Amino acid sequence: QQGTPQEKGERLAELIRTEPTLLVLDGIEPLQYPPGGPKKGELKDEALRALLLELVVRNNGLCILSTRFRITDLKEFERTAARRIDLKPLSAKHGARLLRTLGVKGNERDLANASEEAGGDCLALTLLGTYLDTAWAGDIQQRRRIHFGAQDKKLRRHAWKVMAAYEEWFAERPQMSQLLRLLG
């Protein structure tokens, strides 16, 4: 609790190094500067930056980060200790399989079409599958309530479209909407 953010990050790295550790930091985009600005991809948090730079230099475990933006603070280590792997969208077949595991019911063609409509985006497909399972007993035909436009594929707005469908569904159930506000 004492010291600068950098010192805190370094202390945490030392603690992590005491045992072989798997550290997973999923979805760190909110901790990065957004694309388009002069600091695009840089980490905003000094403690996190110090932690990751310490671990990239010396670590007897594995640290996995997921983000949609390149972490520019680790750029110089990408060929050595900070391997970067860009994930591609899921194929229609694999997207259909993901939807099925999330409880979505329907024929393979409809599931594959839904995957293509969502651009194979894992987050959008996960949200879509969960939404269909929760709100519509997994009925794949209810995906038509979500309108993925052609421009959405370019802008990667699929997940936002599914969240808008959730919002619409919750509007019909005021008690759920109130519960979400309380939890928020």
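Up top you'll find the structure we're talking about.
Our subject in this report is the structure included herewith. (Residues numbered from 1 in each chain as written. Predicted model: local features only at pLDDT ≥ 70, side-chain atom pairs only at ≥ 80, totals over all residues. Heavy atoms only, no water.)

### Regarding helix α5 (residues 122-136)
One turn of an α-helix holds 3.6 residues; hence residues three or four places apart share an orientation. Just so we agree on the cut-off: Strands here mean DSSP runs of E at least two residues long; helices mean DSSP runs of H or I at least four residues long; both are numbered from the N terminus. Each helix should span, by expectation, one fewer than its residue count multiplied by 1.5 Å. Here a polar contact means two N or O atoms within 3.5 Å. Within protein one must be a hydrogen donor candidate and the other an acceptor candidate, and residues neighboring in sequence count only if both atoms are side-chain atoms.
Taking 1.5 Å of rise per residue, the 15 residues of α5 would be expected to cover 21 Å, and the 20 Å separating its terminal C-alpha atoms lies within 8% of that figure. One side-chain oxygen of the residue at the start of α5 lies 3.3 Å from the amide nitrogen of L123, identifying that residue as D121. Phi turns positive one or two residues past the end of α5, at A137, with a value near 50°.

### What about the pattern of salt bridges?
The test is simple: In what follows, salt bridge is the name for a side-chain nitrogen of Lys or Arg lying within 4 Å of a carboxyl oxygen of Asp or Glu.
Scanning all chains against the criterion turns up 10 salt bridges. For R17, the salt bridge is made with E54, and the minimal N-O distance between the two is 2.8 Å. Placement of the pair is R17 in helix α1 (residues 5-17) and E54 in helix α2 (residues 46-57), with a sequence separation of 37 residues. Taking the shortest distance from any N to any O, the salt bridge between E108 and R100 comes out at 2.5 Å.

### Section: unusual backbone geometry
Positive phi, close to 50°, is recorded for A137, a residue that is not glycine. You can see A137 is positioned in the loop between α5 and α6 (150-155).

### Structural notes on the packing of aromatic side chains
Note the cut-off: The pairing test for Phe, Tyr and Trp rings, Trp by its six-membered ring, is centres within 6.5 Å, and the orientation test on the planes gives stacked under 30 degrees, edge-to-face over 60, and tilted for anything in between. Two conditions define a charge located above a ring, namely a distance within 6 Å from the ring centre to NZ of Lys or CZ of Arg, and an angle within 35 degrees of the ring normal.
Applying the stated criterion to the full structure yields 0 aromatic pairs. The residue whose ring lies beneath K44 is Y33, and the NZ or CZ to ring-centre distance is 5.9 Å.

### Structural notes on the nonpolar core
Here is the rule we go by: Buried Ala, Val, Leu, Ile, Met, Phe, Trp, Tyr and Cys residues form a nonpolar core when they are joined through side-chain atoms within 4.5 Å. Burial classification: accessible surface area is computed with a 1.4 Å probe over protein chains only, and a residue below 20% of its type maximum counts as buried, one above 50% as exposed, and the rest as partly exposed. Residue contacts follow a heavy-atom distance rule, with two residues in contact if any of their heavy atoms lie within 4.5 Å.
In this structure, L99, V104, L111, L128, Y131, L132 and I140 are the most contacted members of the largest nonpolar core, which totals 17 residues. Those elements that provide at least two residues to this core are α3 (92-101), α4 (108-117) and α5. Among the elements that line this core, the one with the most residues is α5, at 6 residues. Ignoring sequence-local partners within four residues, the contact set of L132 consists of V104, A137, G138, D139, I140, Q142 and R143. Membership of the second largest hydrophobic core comes to 14 residues, among which are L23, I28, L51 and F77.

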